[in-house]
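Read off the chains here:
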Amino acid sequence: MIKLKNFNYTLLHQDKNSKARLGKLNVFGKEVITPVFMPVGTKATVKFLSPEDIKKIGASIILSNTYHLWLRPGNEIVAKAGGLHKFMNYDGPILTDSGGFQVFSLADFRKISEEGVTFKSHLDGTKLFMRPEDSIKIQMDLGSDIAMSFDECIPYPATYDYTKKSMERTLRWAKRGKDMHTREDQALFGIVQGGDFEKLRKYCAKELTKMDFDGYSIGGTSVGEDKATMYRMIDYSIAELPSDKPRYLMGVGAINDILNGIERGVDMFDCVLPTRIARHGTLMTSEGRINIKRQIYKDDFRPLDSECDCECCKNYTRAYLNHLFRNNEGLGMRLLSIHNLRFLVRLVEGAREAIKEDRFLEYKEYILNKYHFDERGF
RNA sequence: GGAGAGGUAGCGAAGUGGCUAAACGCGGCUGACUGUAAAUCAGCUCCCUACGGGUUCGGCAGUUCGAAUCUGCCCCUCUCCA
């Protein structure tokens, strides 16, 4: 087993009234204070944003994707460039998802076996095969700071039998991946699966913990289940995870979900939601959800969100943003992406402050009451 | 003045006797979006007191059981020649 030289999690403060925790993740000399929200840059770019934009937003770590970079430009090219950081000119921490989510999202194009997953490339239909070992090898080539185990993200609902079978296979895949992971400058996280079954979630978390990963992810959430179920999945998973390692709730980025996750002891979140909805004209603001494309904003010369300090809100009006969207101008997508990301970064920043003072639950209530978001949480 | 071509819903453009309130595209309006096949996708877009009804395809008058589609006259636009 390899020993990482410079990766560890330090619990800075445990909230007295909930499981919320303030922590410090040392990622090979780069510091990430948790809870943290990680913007998603699937294809080695947070769509429409430069690395400089990402830093200005206050994001301290971002995501990228193994499956997509494997197809294009190919891990060899990224390795040849000197690794993902150099390739995309981003020196902050990068976490790569293993391709496990594509097992779910590209369901029409794949077949799962014990050995691995057969994909039909979504780009040109080429037959592809990815084993857990391949995913780890690719991630080592990419040189991300944190790699993920290759898992199967199952849909919801799923039967107990299938969920159990899949989860056990995911455990075997986790072991196979871990056995061949050799980079000392890259952490590796295991992923808890088990659907909405308490027994399976707990078993999975325990087994992964035995394998001693550098951190643990909670996968298989936000795939169609209701909120209460998602929160239960988180509780079941965290119940058996060690407190001295970071916990990452994969793919979750709605405001109420982030707050509920933090309350339950989650340290890391990532989600395409803020950037995707931004590109589609939807914003998270202190007034609630706004769709900038609506005609009422055509002559609204107020800033998007008067309480926000981002580049978009400080410099541009709703009328201008509406105009940019009506004309399909890329600047609109960039500015709105900046805003939504900044909104979530500020949300978790506020959570950290609150945890420090043991008032996380009050903070959560304050946020949920203040912003008029519906059940979806944005 | 002469010779052609054409006028269809906000715009462009199909349709050339019934299956047409009228394809399709754009524009407009409203939604959706949670480890990114996503600058994407879905619905609506003549009027109304709306599981029904009322008016449409430059205008008017005809032919026909039935017309945006056929006939006549009129109005308008574009191209070429003088």
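The structure under discussion appears in the preceding block.
A. Region of interest: the packing of helix α10 (residues 255-263) against helix α14 (residues 330-356). Following both chains from N to C, one finds α10 and α14 inclined at 25 degrees, their axes separated by 11 Å at the closest point. Relative to α14, α10 is oriented roughly parallel. You can see that α10 and α14 cross each other, and the crossing is right-handed. Packed against α10, whose contacting residues are Ile255, Ile258, Leu259 and Ile262, the element α14 presents Phe343, Leu344, Leu347, Val348, Ala351 and Ile355 at the interface. Taken together, the residues that form the contact of α10 with α14 break down as ten nonpolar, no polar and no charged.

B. Looking closely at unusual backbone geometry. Thr34 connects to Pro35 through a cis peptide bond whose omega is 5 degrees. Within the secondary structure layout, Pro35 lies in the loop between β3 (30-34) and β4 (36-39). In this structure, the amide linkage connecting Tyr156 to the following residue, Pro157, adopts the cis form with an omega of 0 degrees. Here Pro157 is to be found in the loop between β10 (146-148) and α7 (160-179). In the Ramachandran plot, Phe28 falls in the positive-phi region, its phi being about 50 degrees despite a non-glycine side chain. Following the sequence through the fold, Phe28 ends up in the loop between β2 (21-27) and β3. On the basis of relative accessible area, Phe28 is assigned to the buried category, the value being 18%.

C. The arrangement of the nonpolar core in detail. Counting residues in hydrophobic clusters, the biggest one holds 94 residues, and the most contacted among them are Leu208, Ile255, Ile262, Met284, Leu304 and Leu336. No other element matches α14, which puts 13 residues into this core. With sequence-adjacent residues up to four places away left out, Ile255 is seen in contact with Met284, Phe343, Leu344, Leu347, Ile367, Phe373, Gly377 and Phe378.

D. Representation of the protein's contact with RNA strand B in the model. Taken together, 47 residues are adjacent to RNA strand B, and Phe109, Cys153, Lys227, Gly251 and Val272 come closest. Expressed as a percentage, the sugar and phosphate content of the atoms of RNA strand B within 4 Å of the protein is 51%. Gly253 has a polar backbone atom sitting 3.1 Å from a base oxygen of RNA strand B. Breaking the surface near RNA strand B down by element, the ones donating at least two residues are β5 (62-65), α5 (100-105), β14 (268-271) and α11 (273-279). No other element matches α11, which puts five residues into the surface near RNA strand B.

E. Summary view of the packing of aromatic side chains. Applying the stated criterion to the full structure yields 13 aromatic pairs. Aromatic side chains Phe101 and Phe104 sit 5.4 Å apart centroid to centroid with 50 degrees between the ring planes, which places their arrangement in the tilted category. In this pair, Phe101 and Phe104 are both assigned in helix α5, three residues apart and thus about one turn of the helix distant. Aromatic side chains Phe150 and Trp173 sit 5.2 Å apart centroid to centroid with 25 degrees between the ring planes, which places their arrangement in the stacked category. Pair noted here: Phe150 is in the loop between β10 and α7 and Trp173 is in helix α7, with a separation of 23 residues, a long-range link. The ring of Phe378 carries Arg289 above its face, with NZ or CZ at 5.5 Å from the centroid. Here the guanidinium or amino end of Arg376 rests over the ring plane of Phe378, the centre of that ring lying 5.4 Å away.

The rules behind each value
- Every chain's residues receive numbers from 1 upward, in the order its sequence appears when written.
- Chains and ligands are labelled sequentially in the order written, the chains with letters from A and the ligands with numbers from 1.
- For a predicted model such as this one, the threshold for reporting local features is a pLDDT of at least 70, and the threshold for listing and counting side-chain atom pairs is 80 or more; totals across whole chains, interfaces and linings nevertheless cover every residue.
- Excluding hydrogens and water, the side-chain figures rest on all heavy atoms present in the structure.
- Note on method: axes are straight lines fitted to C-alpha atoms, helices fitted across the in-contact stretch only, with angles between N-to-C directions ranging 0 to 180 degrees.
- Counting from the N terminus, the helices are DSSP H or I runs at least four residues long and the strands are E runs at least two residues long.
- Throughout, the term roughly parallel applies to angles under 35 degrees, roughly antiparallel to angles over 145, roughly perpendicular to angles from 65 to 115, and oblique to all others.
- We call a crossing left-handed when the near helix sits turned anticlockwise from the far one by less than a right angle, and right-handed when that turn is clockwise.
- Contacts are assigned to residue pairs with any non-hydrogen atoms lying within 4.5 Å of each other.
- Each residue gets one label: Ala, Val, Leu, Ile, Met, Phe, Trp, Tyr, Cys and Pro are nonpolar, Asp, Glu, Lys and Arg are charged, and the others, such as Gly, are polar.
- Here's how the labels work: a residue is buried when its accessible area is under 20% of the maximum for its type, exposed when over 50%, partly exposed in between, all with a 1.4 Å probe on protein chains only.
- Here the nonpolar core consists of buried residues drawn from Ala, Val, Leu, Ile, Met, Phe, Trp, Tyr and Cys, with membership extended through side-chain atoms lying within 4.5 Å.
- Throughout this document, a residue counts as near a molecule or strand when at least one of its heavy atoms sits within 4 Å of that molecule or strand.
- Two N or O atoms form a polar contact when they lie within 3.5 Å of each other; inside protein one atom must be a possible hydrogen donor and the other a possible acceptor, and for residues adjacent in sequence the pair counts only when both atoms belong to side chains.
- Aromatic rings from Phe, Tyr and Trp, with only the six-membered ring used for Trp, were paired whenever their centres fell within 6.5 Å, and each pair was classed as stacked if the ring planes differed by under 30 degrees, edge-to-face if by over 60, and tilted otherwise.
- Put simply, a charge is over a ring when the Lys NZ or the Arg CZ is close to the ring centre, within 6 Å, and near the line of the ring normal, within 35 degrees.

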